[in-house]
Every structure is written in structure tokens, then in C-alpha cells.
Amino acid sequence: MSFLSAQPSGKNVYIYEVTSFRNDDKKPSNTKISVGKISPQTFKPIYKDDFLQKINDGTSSITIKQFEEFNNRDFKPLFINNNIINPTNMILNSNINLPINSDSIYYNKNTSRYESEELFDSIKDYGTPQFFYNISNNIGLSDILREIFGDTLFEYILLIAIYLIISSKALIRCHKWIEEIDVSIANSLSSQRISDIFKNITYDQRNKFYKNWYIKSKNSENIYLDVTSLSTYSCNIKEAELGHDRDDEKTHQINLCLLFGQQSELPLYQTIFSGKLNDVSTISCILNELETLTKGHEYTIIMDKYFFSEANLNFMVKNKIGNGFLIEAPITNKLSLDLIEKHNLIAYNPENIILNSKETLYGITDEIKYDKNNDKLFVHIYYSPVKYEKAKQLLINDLNSLKKLFINDIKLNKTQKKDISTYFIVKNKSDEGISVNKYMFNEHLKQIGWHIFYSNTISNATIANKIFRQKDVVEKSFYRLKNKLSLKKLHIHSSDRMQNKLFILFISSILISYIHKKINNGKINFQYTLTDVFDKINLLKKININSIDIYRPITKEIKDLLDLCEVKIT
């Protein structure tokens, strides 16, 4: 039998998971594991993340019912009875007695005085919900969610999406956060209700949302296609396949594919699939989904080199996907190497300079006949002398380090051993007995600094470069998804729950992308980060004293931020 226990120790009250059992002598015994402590400011439990994750996954010996009953206890007497808060330690401040103990009071930088939550009937965050509600309304997200899920479930889903943006805590703490913000459903979204939402959103509801959102959020525009791999320890997710993550750990993985609008700078659609990116079956499946979704809308699909293969290129040329495509090619294939050899003098011609580029860049467009039907393809070849010099110096540094390891008999891995035989001529293990293989060194340099793109419709190298370089909005979106939204690993143990969590995270990603776009395009002196935005909006509090609501004022700095995001908070 297991239960939670709050036990004072020194100036703190710690929470333990206690498991009772009988030992080998059949005598009662127990074990205690520390899982958190009680906040001396709010007298509410604060749990360790690993314990909350077990509760969320259903792998803890503590049930949801036990967990919620423990959270509803009044822990304040434990502090008073154990002299953690000493009623005699008081200071005089505006004719109000406040405890001296620093754990019981906090200093408000905005009002330049000490405050205690005991003075107020309640303190609610009204800025955060109004800020995100306004954004959701402005971009038409609320209308679509409300139409599909109804008034109540729509608000639940939106609040969970907001929580995933602004909080680094486990999802099981979401219902506690909602109690701290000024919303009408604060007391009705329990942990069990959140769990039911992740379980019961249907396939048809998700698909209807994606379709309606795509139609709402775009006209004819370029669409960036990108994929990231997400790891999971679960063997019950049917879409997951064994693979190696970035830490070279062998885990089950899924591929999350995201479509992103170039003009709107917002996520348009996401899908999950298994298989290699350069397989025709994979790309055909993704593009068929896209064709169904975008029926009646023109678009150009932009993809990076991980999707490139001659088979995929053939498929896109033959099937005339959308309004056309632009795809990056790896430098290592024969066709690319032949094109580099053909155009290796472009860097010496000023006519080939790409203007308005962030770095010195030369580019040229070649037109080739492709496949048996003689379909025309535009090939854009670029050379960057800056990247060439950086990569060359990096290669020299790596060879210097490798040579030292080899001479000092440091154990080498397989890749390092291969590089020794590839890039060095070894007469003996001495500094003078090892020289660089000139031929292999120069062969490697031939591939450095070059980029090649194929397109069946874009005929200008400058335009193709501009379109592709804007693709970093997708990479930033994936970065925010994995870091800000804590999606480096999927702590989900069923396919339906995984699909629904990714669906709500997609909504989170829409909101973040909107804010990020406004910040980047804004013309104000202060450079905001996403964290700055959320911290400042969180300062807007509603204080209730004797049934009277008092709202913290909106400062000029916050007003400038709201204007930047085209949001009004009243």
C-alpha cells in the first residue's frame, strides 16, 4: 500500500511517497521516497518532475484519486504548528502586520513594497489568458476550434495549448495553473479531465481542423516541407520504428512532418509517418496528403536535401505536384558533381553575384533535360567563398587534432580510423612521418561551399535562393517545438494519446509562430524574446479584496508589446 505524506523538517515541509509492507520477519515496515515539498508562500505542493511524469503516465503506485485528495489538503497548519511561520515575528508596513520570514512574503518590484498573498482573497493572472485568447481570435483559430469542439472543449484545448507554451512543468500540473489564471473554467479542468481530452479527440475532428485551418490561413503561397524525428521509449506506438537519436541512443522513433507557409509564417499542417525520407513511397504518401488538403489552391513545395533521391525527383517531375517544387540536392551524387565541374568558374564572374544575400554568393541557373520524356528542369548552382574558407579551416583543424591522437596512440573510433587512411600518408608514427594526402584533401575541397537546387518552375537563381533561405522559419519552429514545448522525447504510451498531444502542440506552435513573427517584424527599440513576452504579460494580475476586483495597470512597455502583437487587453 502506498500513500503521500507531508512531514516537517527544519524550515521546510517535505512530501514523501510512503510504501508500507511486511519485512522478512513479517513485521510492519515502510520505505519513503522524497517526491517534493510544500511551498511556504502558497502552502501548495511542488512536485519533482519525474514523480509527476509517473502520475501522468499511470506508472506510479499513487493513484490519481490519492494525488488529488492530497493536493486539496490544508497544509498551512503544518508551518504554524512547527514554528516555520512564527506569528510573533512581525513587522509594521502600512499598518499591516506581515511575517518577517522571507519565505512568507515577497518583494514586488513594481510597487516597491512587500506583499503577502494572505492580504488578498485571490490573485489571478488575467494578462496571459487575454493575450493568447486575443491572438487566437485575431488569426481565426478560435472560430475553427469552437466550430469543431464546441464552446467548452474548445476552451479546454486552447488553455492546455497555452500551458504547454508558458510552463516547463509536467502536464499534470496544468489544472493547478488554470486555477491561478482569470478564466471561467478554473475549477472544472481536473487532471482526469485533461487525460480524457488527450484520449478522446477523434481522428475526424483532427482532420477537420487541419483542413479548415489550412483553408483559413493561406492563399496561394510557397509551402516549406520539413521533418523531425521524435523518440519514445514506448513499444505501443504503432507508428514508431527503431532508430538512433541524436545522442546515438537506439530508441523507437516517429517522423513528424510539418508544412509551413512562407508568406503567413505559420504552421499549416502536420502528419506522422514511418519510413525513410528519400523513399518514393514516403514522399508520395506525404504529397498525396498535401494534394488532398490543398485541393483548389496553388502552391510550390520546398524541400531540403534529406528528401532528395533520383527516384523522388522522377516522381515529382512525372506527377507535376502542385504548382511546382524546389528541392536541395546533396553535393555527393554524380549529377551534382558533374554540374559543379561544369560551372566551377562561376565564382570568378561578377555577373553571377547574388545581390541582397547575407553573405558573398555567386549563382547561376542551368537548364537540363531530365528523364526519357525530356522534361525540363532548372538547376540553380551556388558557390559561397565564405563557407568554403570556413569549412577548409575546420577541415585543417580536424586533421591536426586527428594527427595528434594518432601519434599519441589515443584509441580511435571507426570514423577516425577511416579518416586516417583517407587523408594521411603514413610512413611512421612521428610528426615528420605523417603527411596530408594531397589528392584526397583537394577532392574534399571540391565539394565545399557549393549548393544545388532543382526546380521544374522557378527559373531564376536569385529568386530560388531567396525562397529557400526563408525556410529557416520551419527550422526555428521545430527548435521551439522540441525545446520550448519540451518535445525532445515523447512520454506517451499509446498512438491515440500521442496523436492528440501532437495535435494540441500544433495549436501551441501556431500561437508561438504568430508571436515570433510579430517580434521579428516589429520596429521597436527593445528586442523581445519569447520568454520576455510571457514574463511581462504575466505581470498583469487581478487582485480581489473584499469582493472588489483591482487590476494591475498596463505599463507603457507592456502596451508597446501588446501593440506589436496587435493585441488589446482591457
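To be clear, the structure that these remarks concern was listed above.
Thresholds applied
Residues numbered from 1 in each chain as written. Predicted model: local features only at pLDDT ≥ 70, side-chain atom pairs only at ≥ 80, totals over all residues. Heavy atoms only, no water. Salt bridge = Lys/Arg side-chain N within 4 Å of Asp/Glu carboxyl O. Helix = DSSP H or I, 4+ residues; strand = E, 2+ residues; numbered from the N terminus. Buried < 20%, exposed > 50% of the residue type's maximum accessible area, 1.4 Å probe, protein only. Axes fitted to C-alpha atoms, helices over the stretch in contact; angles between N-to-C directions. Parallel < 35°, antiparallel > 145°, perpendicular 65-115°, else oblique. Contact = heavy atoms within 4.5 Å. Nonpolar A, V, L, I, M, F, W, Y, C, P; charged D, E, K, R; others polar. Phe/Tyr/Trp six-rings, centres within 6.5 Å; stacked < 30°, edge-to-face > 60°. Lys NZ or Arg CZ within 6 Å of the ring centre and 35° of its normal. Pairing = 2+ DSSP bridges. Expected span 1.5 Å × (residues − 1).

### Considering the pattern of salt bridges
Going through the model one piece at a time under the given rule, you end up with 14 salt bridges. Ionic pairing is found between D338 and K334, a salt bridge with its closest N-O pair at 2.9 Å. In this pair, D338 and K334 are both assigned in helix α11 (residues 334–342), 4 residues apart and thus about one turn of the helix distant. Exposure remark for K334: the relative accessible area of 63% places this residue in the exposed category. Taken together, the salt bridges that share partners define one network made up of D143, R146 and D151.

### With respect to the packing of helix α5 (residues 141–166) against helix α17 (residues 495–521)
The interhelical angle for the contact between α5 and α17, taken along N-to-C directions, is 80°, at an axis separation of 9 Å. Overall, the two elements α5 and α17 adopt an arrangement that is roughly perpendicular. Counted together, L141, L145, F149, I157, L158, I160, A161, I162, L164 and I165 of α5 and F503, I504, L505, I507, S508, I510, L511 and I512 of α17 form the full contact between these two elements. A breakdown of the residues in the contact of α5 with α17 according to their chemical character gives 17 nonpolar, 1 polar and no charged.

### Things to note about the packing of aromatic side chains
Evaluated as defined, the whole model comprises 20 aromatic pairs. Each ring, one from F209 and one from Y210, has its centre 5.9 Å from the other, and the planes form 65°; the classification is edge-to-face. Judged by centre distance (5.5 Å) and plane angle (65°), the rings of Y382 and F453 are edge-to-face. Taken together, the residues Y382 in strand β17 (residues 375–383) and F453 in strand β20 (residues 450–455) connect sequence positions 71 residues apart. Classification of Y382 as buried rests on a relative accessible area of 1%. The structure contains a cluster of three or more aromatic residues connected by ring pairs, namely F149, F209, Y210, Y269, F503 and F506. Positioned above the aromatic ring of Y16, the side-chain terminus of K32 is 4.6 Å from the ring centre. The cationic tip of K429 hangs over the ring face of F406; the distance from NZ or CZ to the ring centre is 4.7 Å.

### Digging into the environment of V317
Take V317: it is sitting in helix α10 (residues 310–319). Overall, the relative accessible area of 5% leaves V317 in the buried class. A sequence separation of 53 residues divides V317 from Y370, and the C-alpha atoms of the two residues are 8.7 Å apart.

### Section: unusual backbone geometry
We note that E265 has phi near 55°; this positive angle belongs to a residue other than glycine. Note on placement: E265 falls in the loop between β12 (250–261) and β13 (267–273). We classify E265 as partly exposed; its relative accessible area is 23%. Although it is not a glycine, E566 adopts a positive phi angle of roughly 55°. For E566, the location among the structural elements is in the segment after α19 (556–564). Relative accessible area serves as the criterion here: at 51%, E566 is assigned to the exposed category.

### Some points on the sheet that holds strand β4 (residues 45–47)
By way of backbone hydrogen bonds, the strands of a sheet pair with one another, either parallel or antiparallel. Ordered in space as β1-β2-β3-β4, the 4 strands form an open sheet in which the pairing is antiparallel. Edge positions in the sheet fall to β1 (2–9) and β4, since each has one partner strand and no second. Across this sheet, the average inter-strand angle for adjacent strands is 50°, counted without regard to direction. Those strands touched by helix α2 (residues 64–71) are β1, β2 (12–22) and β4, and its axis lies near 25° from that of β1.

### Some details on helix α12 (residues 385–407)
In a regular helix each residue adds 1.5 Å, so 23 residues correspond to 33 Å; α12 covers 33 Å between its end C-alpha atoms and thus fits that length. Within α12, the full set of buried residues consists of Y388, L395, L399, L402, K403 and F406. Of the surrounding secondary structure, the elements contacted by the buried residues of α12 are β17, α13 (414–423), β18 (424–426), β19 (434–436) and α14 (438–445). Where α12 terminates, the next one or two residues include D409, which has phi positive at roughly 60°.

### A closer look at the sheet that holds strand β23 (residues 548–551)
Here we have 3 strands laid out as an open sheet, ordered β9-β22-β23, and antiparallel in their pairing. Single-partner strands in this sheet number two, and they are β9 (122–125) and β23. For this sheet, the mean inter-axis angle between neighbouring strands, taken without regard to orientation, is 25°. Pairing analysis gives 4 bridges linking strand β22 (residues 541–545) to β23, with the strands arranged antiparallel.

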